[in-house]
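# Working through the structure, step by step
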Amino acid sequence: MAEPLRIALAGLGTVGAGLIRLIQANGDLIARRAGRPLEIVAVSARDRNKDRGVDLSGFAWEDDMTAMAQRQDVDVVVELVGGSDGPALTLARNTLASGKALVTANKAMIAHHGLALAASAEAQGVALKFEAAVAGGIPVIKGLREGAAANEIERIYGILNGTCNYILSTMEDTGRDFGDVLKEAQELGYAEADPTFDVEGIDAAHKLSILAAIAFGAKIDFASVETEGIARLRAADIEQAAALGYVIRLIGIADTETGAKGEDTLFQRVCPYLVPRDHPLANVGGPTNAVVAEGNFSGRLLFQGAGAGDGPTASAVAADLIDIARGEIGMPFSVPVGALEAMPRADAGHRVARDYLRFMVADRPGVLAEIAAAMRDAGVSIESLIQRGRPEEGGEVMVSLVTHEGPEAHVDRALELLEGSPSLTEPPLVMQLLES
Ligand SMILES: NC(=O)c1ccc[n+]([C@@H]2O[C@H](COP(=O)([O-])OP(=O)(O)OC[C@H]3O[C@@H](n4cnc5c(N)ncnc54)[C@H](OP(=O)(O)O)[C@@H]3O)[C@@H](O)[C@H]2O)c1
């Protein structure tokens, strides 16, 4: 058997400890498939004395994880610490600069610094791999980079955050409100104590920007992802969507289009969508993730599975390590960094869609007419308008409507016309209907 691939592991939390368990359990099988064993040489975390449920006695301990980049007895550093900057980024930069391969599950770091890290990896001729950064255990990056490599990807979209999907599907199943379900998700360990990154859509936006770069050969552009989370959703929205034949899912969606000057532009959006019940994504419940890629020859590809958790995420990290053990360096973003295209943000105003709009309004006459007039004046055609019979707490009434297909700019205009209206007790909520 050839020499082992020698690994330094930074981060011994959920994923790091999971990776140790996986290598211990499946080491022989991995060695046969990779042609050589994976051997963890050194580990690092903050607290040396914490019981992590795994035996660390066979590994060297580094107090300063950034020192791992300099170890002579290591071929590859695995960064499972997290955070877009700080020690994780220092370790990543030092690792690549010292000519070692880097494997990471850190979507925040790749979304913000992926291009610079990839350029450094390419300059050094070493691997930078981050399969676990997008959709946990689902091999979607491999699927795009290898399985679908011959296709032009027309659109990529999916459920990229398990916490939001768990909350939405639980709201759907139980009729409970967002805050209540979030609290339970935190108690069950499906949501972080600070859930902002998840429920505001930022985590999904990190992943979408990585997928879009790979799918479209675009320079990664996290700052241009239009992002809206799920915190404003009410149980009544979910009920209303169900009555219309839809479920609500937080979807990340990206495609390219030709801009006004003939240039390629990139559309990236994360927000809650109404998904028709017969769409494959409608049946993705709980913390599961799913990604749809539409290739011009492959047709619709659906990747589905566990988007987080120790086992699934460690599985994706180990798959990257197996590639490196086999000598596969590859391009982090499929093509050399210099060949990635800088695509400006697409102008969404002319894109056509059907929308669900929800208004919380004062319970008094004339409000419906005011909303209908704003829609008419902005050129929005209403397909159905529903006023819930009973007032909510505080005497508010929920009015929701579904539009016919029309440009997004028209809906934006209607909302501008209604801005500041004393009839509205909170800003309207707008969600698009995803087509089947
Ligand atoms: N959890 C998942 O299901 C999942 C899924 C996909 C991707 N990811 C990504 O995987 C990465 C790790 O996630 P995780 O859930 O495993 O996190 P975690 O459970 O919080 O573990 C983080 C680890 O990093 C260590 N650490 C933190 N700051 C450090 C520092 N300054 N120096 C040295 N060690 C430090 C911690 O040490 P102590 O244990 O001593 O505190 C801990 O062992 C993140 O980038 C995350 O986004 C996670």
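Residues numbered from 1 in each chain as written. Predicted model: local features only at pLDDT ≥ 70, side-chain atom pairs only at ≥ 80, totals over all residues. Heavy atoms only, no water.

Take the site of the ligand next. For the ligand, the set of nearby residues contains 22 residues, the closest of which are L12, V15, D47, R52 and G309. One nitrogen or oxygen atom from the main chain of V15 is found 2.9 Å from an oxygen atom belonging to the ligand. In isolation the ligand has 910 Å² of accessible area, and contact with the protein removes 77% of it. The cavity where the ligand resides is the largest pocket. Of the residues that constitute the shell around the ligand, the class distribution is 10 nonpolar, 7 polar and 5 charged. (Near = heavy atom within 4 Å. Polar contact = N/O pair within 3.5 Å; in protein donor to acceptor, adjacent residues only side chain to side chain. Areas by Shrake-Rupley, 256 points an atom, 1.4 Å probe, with all protein chains shown as cover. 1 Å grid on protein atoms, 1.4 Å probe; cavity = no way out; pocket = protein on both sides within 12 Å on 5 of 7 lines; lining within 4 Å. Sits in = over half its atoms within 2 Å of the grid points. Nonpolar A, V, L, I, M, F, W, Y, C, P; charged D, E, K, R; others polar.)

Attention now goes to unusual backbone geometry. With phi around 60 degrees, A135 is a residue other than glycine that occupies positive phi space. With a phi close to 80 degrees, S334 is a non-glycine residue in the positive phi region. Tracing the sequence through the fold places S334 in the loop between helix 10 (310-325) and strand 13 (352-353). (Helix = DSSP H or I, 4+ residues; strand = E, 2+ residues; numbered from the N terminus.)

Next up on the list: the side chain of E131. Tracing the sequence through the fold places E131 in the loop between strand 6 (128-129) and helix 4 (140-147). It turns out E131 is buried and unbridged, and the closest side chain with the opposite charge, R145, is 5.3 Å from it. At a separation of 3.1 Å, a polar atom in the side chain of E131 contacts the main-chain amide nitrogen of V140. Here the side chain of E131 touches K142 through a polar contact of 2.8 Å, landing on its backbone nitrogen. Beyond its immediate stretch of four places on either side in the chain, E131 contacts G136, I138, P139, V140, I141, K142, A316 and D320. (Buried < 20%, exposed > 50% of the residue type's maximum accessible area, 1.4 Å probe, protein only. Lys, Arg positive; Asp, Glu negative; His and termini not counted. Salt bridge = Lys/Arg side-chain N within 4 Å of Asp/Glu carboxyl O. Contact = heavy atoms within 4.5 Å.)

Its volume calculated, the largest pocket comes out at about 1,600 Å³. Around the largest pocket, the lining comprises 50 residues; the ones closest to its centre are T14, V15, V81, K107 and E192. Listed by contribution, the elements that provide at least two residues to the lining of the largest pocket are helix 1 (14-34), helix 3 (107-124), helix 5 (162-174), helix 7 (196-199), helix 8 (202-216) and strand 11 (288-295). A class-by-class count of the residues in the lining of the largest pocket yields 17 nonpolar, 19 polar and 14 charged. (Points joined across faces, edges and corners; volume = space filled by probe spheres on them.)

Next up on the list: the pairing of strand 16 (residues 396-403). Taken residue by residue, a regular strand's side chains alternate between the two faces of the sheet. Of all 8 residues in strand 16, 8 are buried, a share of seventy percent or more. Of the two faces of strand 16, both are covered, the one formed by E396, M398, S400 and V402 as well as the one formed by V397, V399, L401 and T403. As paired strands, strand 14 (residues 355-362) and strand 16 are joined by 7 bridges and run antiparallel to one another. Each residue of the ladder has a partner; that of V361, found in strand 16, is V397. Alignment of strand 15 (residues 382-387) against strand 16, held across 5 bridges, turns out to be antiparallel. Within strand 16, the position partnered with I386 by the bridge is S400. (Pairing = 2+ DSSP bridges.)

Spatially, 3-2-1-4-5-6 is the arrangement adopted by the 6 strands of the open sheet, whose pairing is parallel. Looking at strand neighbours, the two that pair on one side only are strand 3 (60-61) and strand 6, the edges of this open sheet. Pairing analysis gives 4 bridges linking strand 4 (residues 76-79) to strand 5 (residues 101-104), with the strands arranged parallel. Each residue of the ladder has a partner; that of E79, found in strand 5, is T104.

In this section: the packing of aromatic side chains. Scanning the model with the defined rule gives 2 aromatic pairs in all. Note on F130 and F333: the rings are 5.4 Å apart at their centroids and 45 degrees apart in plane angle, and the pair reads as tilted. Of this pair, F130 sits in the loop between strand 6 and helix 4 while F333 sits in the loop between helix 10 and strand 13, placing them 203 residues apart in sequence. We classify F130 as buried; its relative accessible area is 1%. Seen from the ring of F267, R351 lies directly overhead, with NZ or CZ sitting 3.6 Å from the centre. (Phe/Tyr/Trp six-rings, centres within 6.5 Å; stacked < 30°, edge-to-face > 60°. Lys NZ or Arg CZ within 6 Å of the ring centre and 35° of its normal.)

Among the 7 residues that make up strand 2 (residues 38-44), 6 are buried, leaving the element largely enclosed by the rest of the structure. In the sheet, strand 1 (residues 5-10) pairs with strand 2 via 6 bridges, with the strands oriented parallel. Across the sheet, A8 pairs through a bridge with A42, a residue of strand 2. In this fold, strand 1 hands off to helix 1, which returns the chain to strand 2; that crossover is right-handed. (Right-handed = clockwise from strand over helix to strand, strands pointing away.)

Our next topic: the environment of H112. Residue placement: H112 occurs in helix 3. Classification of H112 by relative accessible area gives partly exposed; the value is 41%. Separated by 106 residues in sequence, H112 and A218 have C-alpha atoms that sit 14 Å apart. Ignoring any residue separated from it by four or fewer positions in sequence, one finds H112 in contact with S84, H206 and F222.

One can find D323 in helix 10. Overall, D323 belongs to the buried group, its relative accessible area being 3%. Residue contacts for D323: discarding those within four places in its chain leaves K129, K142, E146 and E328.

The complete set of buried residues in helix 12 (residues 408-418) reads E408, V411, A414 and L418. Mapping the buried residues of helix 12 onto a view down its axis gives an arc of 120 degrees, with all of them on the same face. (Arc of directions from axis to C-beta.)

Running from amino to carboxyl end, helix 2 (residues 86-97) crosses helix 3 at an angle of 15 degrees, the nearest separation of the two axes being 9 Å. By the angle class used here, helix 2 and helix 3 are roughly parallel. Between helix 2 and helix 3 lies a crossing of right-handed hand. Packed against helix 2, whose contacting residues are A88, L89, A92, R93, L96 and A97, the element helix 3 presents M109, H113, L117, S120, A121 and Q124 at the interface. Considering only residue class, the contact of helix 2 with helix 3 consists of 8 nonpolar, 3 polar and 1 charged. (Axes fitted to C-alpha atoms, helices over the stretch in contact; angles between N-to-C directions. Parallel < 35°, antiparallel > 145°, perpendicular 65-115°, else oblique. Left-handed = near helix turned anticlockwise from the far one by under 90°.)

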